[in-house]
Amino acid sequence: MKRALRVDWPACHARGVCHELLPEVVDLDEWGYPIVGGEVTPELLGLAREAVRMCPRLALRIVET
Ligand code: SF4
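**Q** Teacher, can you tell me more about the overall build of the protein chain here?
**A** Within the protein chain one finds two helices and four strands. Moving toward the C terminus, one meets the helices and strands of the protein chain in the order β-α-β-β-α-β. In terms of overall size, the protein chain behaves like a compact globule, its C-alpha atoms giving a radius of gyration of 11 Å where 65 residues would be expected to give roughly 11 Å. C-alpha extents for the protein chain along the principal axes are approximately 30 × 20 × 20 Å.

**Q** When you look at the environment of P34 in this model, what are you seeing that I'm missing?
**A** Here P34 is to be found in strand β3 (residues 34-36). Separated by 28 residues in sequence, P34 and I62 have C-alpha atoms that sit 14 Å apart. Setting aside its immediate chain neighbours within four residues, P34 contacts V7, W9, C12, C18, V26, D27 and L28.

**Q** Explain helix α2 (residues 45-54) here, please?
**A** Residue pairs spaced three or four apart in an α-helix point in one direction, given the helix's 3.6 residues per turn. Three or more residues of α2 are buried, namely L45, A48 and A51. Along α2, the residues classed as buried sweep out an arc of 115° about the axis, all on the same side. Turning to α2, the residues buried within the fold contact β1 (3-7), α1 (17-21) and β4 (60-64).

**Q** Help me understand the site of the ligand in this model?
**A** As a matter of local geometry, the ligand sits amid C12, H13, A14, R15, G16, V17, C18, P34, C55, P56, R57 and L60. Looking at side-chain class alone, the shell around the ligand contains eight nonpolar, two polar and two charged residues.

**Q** Help me understand a nonpolar patch on the surface, please; the structure alone is not making it clear to me.
**A** A contiguous nonpolar patch, built from W9, W31 and Y33 and spanning about 400 Å² of accessible area, is present on the exposed surface. Within the secondary structure layout, Y33 lies in the loop between β2 (26-28) and β3. Its relative accessible area of 31% is what places Y33 among the partly exposed residues.

**Q** Got a minute to help me understand unusual backbone geometry in this structure?
**A** The backbone of A14 sits at a positive phi, close to 60°, despite the residue not being glycine. On the secondary structure map, A14 appears in the loop between β1 and α1. For A14, a relative accessible area of 21% puts it in the partly exposed group. With a phi close to 50°, L58 is a non-glycine residue in the positive phi region. When its relative accessible area of 68% is taken as the criterion, L58 is described as exposed.

Parameters and conventions
Residues numbered from 1 in each chain as written. Predicted model: local features only at pLDDT ≥ 70, side-chain atom pairs only at ≥ 80, totals over all residues. Heavy atoms only, no water. Helix = DSSP H or I, 4+ residues; strand = E, 2+ residues; numbered from the N terminus. Rg over C-alpha atoms; globule rule 2.2 N^0.38 Å. Contact = heavy atoms within 4.5 Å. Buried < 20%, exposed > 50% of the residue type's maximum accessible area, 1.4 Å probe, protein only. Arc of directions from axis to C-beta. Near = heavy atom within 4 Å. Nonpolar A, V, L, I, M, F, W, Y, C, P; charged D, E, K, R; others polar. Patch = residues over 30% accessible without salt bridge, like charges linked within 9 Å, V, L, I, M, F, W, Y side chains within 5 Å. Areas by Shrake-Rupley, 256 points an atom, 1.4 Å probe, with all protein chains shown as cover. Salt bridge = Lys/Arg side-chain N within 4 Å of Asp/Glu carboxyl O.

Shown next, in the form of C-alpha coordinates:
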(Lines give C-alpha, C1' and ligand atoms only; values in the text may rest on other atoms or scores of the structure.)
Protein backbone atom coordinates (compact mmCIF):
# COMPACT_ATOMS: atom_id res chain seq x y z
CA MET A 1 0.00 0.00 0.00
CA LYS A 2 1.30 3.42 -0.96
CA ARG A 3 0.24 6.83 0.28
CA ALA A 4 0.05 10.15 -1.51
CA LEU A 5 -1.22 13.65 -0.84
CA ARG A 6 -4.29 14.97 -2.60
CA VAL A 7 -5.30 18.62 -2.89
CA ASP A 8 -8.86 19.92 -2.83
CA TRP A 9 -8.27 22.54 -5.52
CA PRO A 10 -11.31 24.77 -4.93
CA ALA A 11 -10.32 24.99 -1.25
CA CYS A 12 -6.57 25.58 -1.75
CA HIS A 13 -5.55 29.24 -1.65
CA ALA A 14 -1.87 28.70 -2.43
CA ARG A 15 -0.52 29.51 1.01
CA GLY A 16 2.38 27.11 0.60
CA VAL A 17 2.44 25.67 4.12
CA CYS A 18 2.43 22.17 2.65
CA HIS A 19 5.58 22.92 0.66
CA GLU A 20 7.34 24.37 3.68
CA LEU A 21 6.61 21.27 5.73
CA LEU A 22 7.13 18.69 3.01
CA PRO A 23 9.38 19.93 0.21
CA GLU A 24 10.29 16.31 -0.60
CA VAL A 25 6.74 15.73 -1.86
CA VAL A 26 5.26 19.16 -2.59
CA ASP A 27 6.66 21.63 -5.07
CA LEU A 28 5.04 24.99 -5.84
CA ASP A 29 4.09 26.33 -9.22
CA GLU A 30 4.75 29.93 -10.22
CA TRP A 31 1.50 31.07 -8.56
CA GLY A 32 2.26 29.26 -5.31
CA TYR A 33 -0.10 26.35 -5.88
CA PRO A 34 1.20 22.96 -4.80
CA ILE A 35 2.48 20.40 -7.25
CA VAL A 36 2.16 17.14 -5.38
CA GLY A 37 4.58 14.64 -6.77
CA GLY A 38 6.14 11.90 -4.78
CA GLU A 39 4.96 9.11 -2.60
CA VAL A 40 4.42 9.71 1.10
CA THR A 41 6.85 7.13 2.41
CA PRO A 42 6.59 5.81 5.96
CA GLU A 43 9.46 8.14 6.89
CA LEU A 44 7.48 11.16 5.62
CA LEU A 45 4.11 10.14 7.04
CA GLY A 46 4.49 12.17 10.25
CA LEU A 47 5.28 15.35 8.32
CA ALA A 48 2.50 14.65 5.84
CA ARG A 49 0.00 14.36 8.69
CA GLU A 50 1.29 17.64 10.10
CA ALA A 51 0.86 19.28 6.68
CA VAL A 52 -2.74 18.05 6.60
CA ARG A 53 -3.32 19.48 10.09
CA MET A 54 -1.58 22.77 9.36
CA CYS A 55 -3.16 23.55 5.98
CA PRO A 56 -5.10 26.76 6.68
CA ARG A 57 -7.76 25.80 4.15
CA LEU A 58 -8.11 22.14 5.17
CA ALA A 59 -7.38 21.36 1.54
CA LEU A 60 -4.99 18.45 1.99
CA ARG A 61 -5.59 14.81 2.68
CA ILE A 62 -3.60 11.61 2.60
CA VAL A 63 -4.91 8.87 0.34
CA GLU A 64 -3.89 5.26 -0.06
CA THR A 65 -3.16 4.24 -3.62
S1 SF4 B 1 -1.13 24.44 2.68
FE2 SF4 B 1 -3.21 24.03 1.90
S3 SF4 B 1 -3.95 25.98 1.10
FE4 SF4 B 1 -1.74 26.09 1.29
S5 SF4 B 1 -0.92 25.52 -0.73
FE6 SF4 B 1 -0.95 23.68 0.55
S7 SF4 B 1 -2.94 22.73 0.11
FE8 SF4 B 1 -3.08 24.85 -0.62
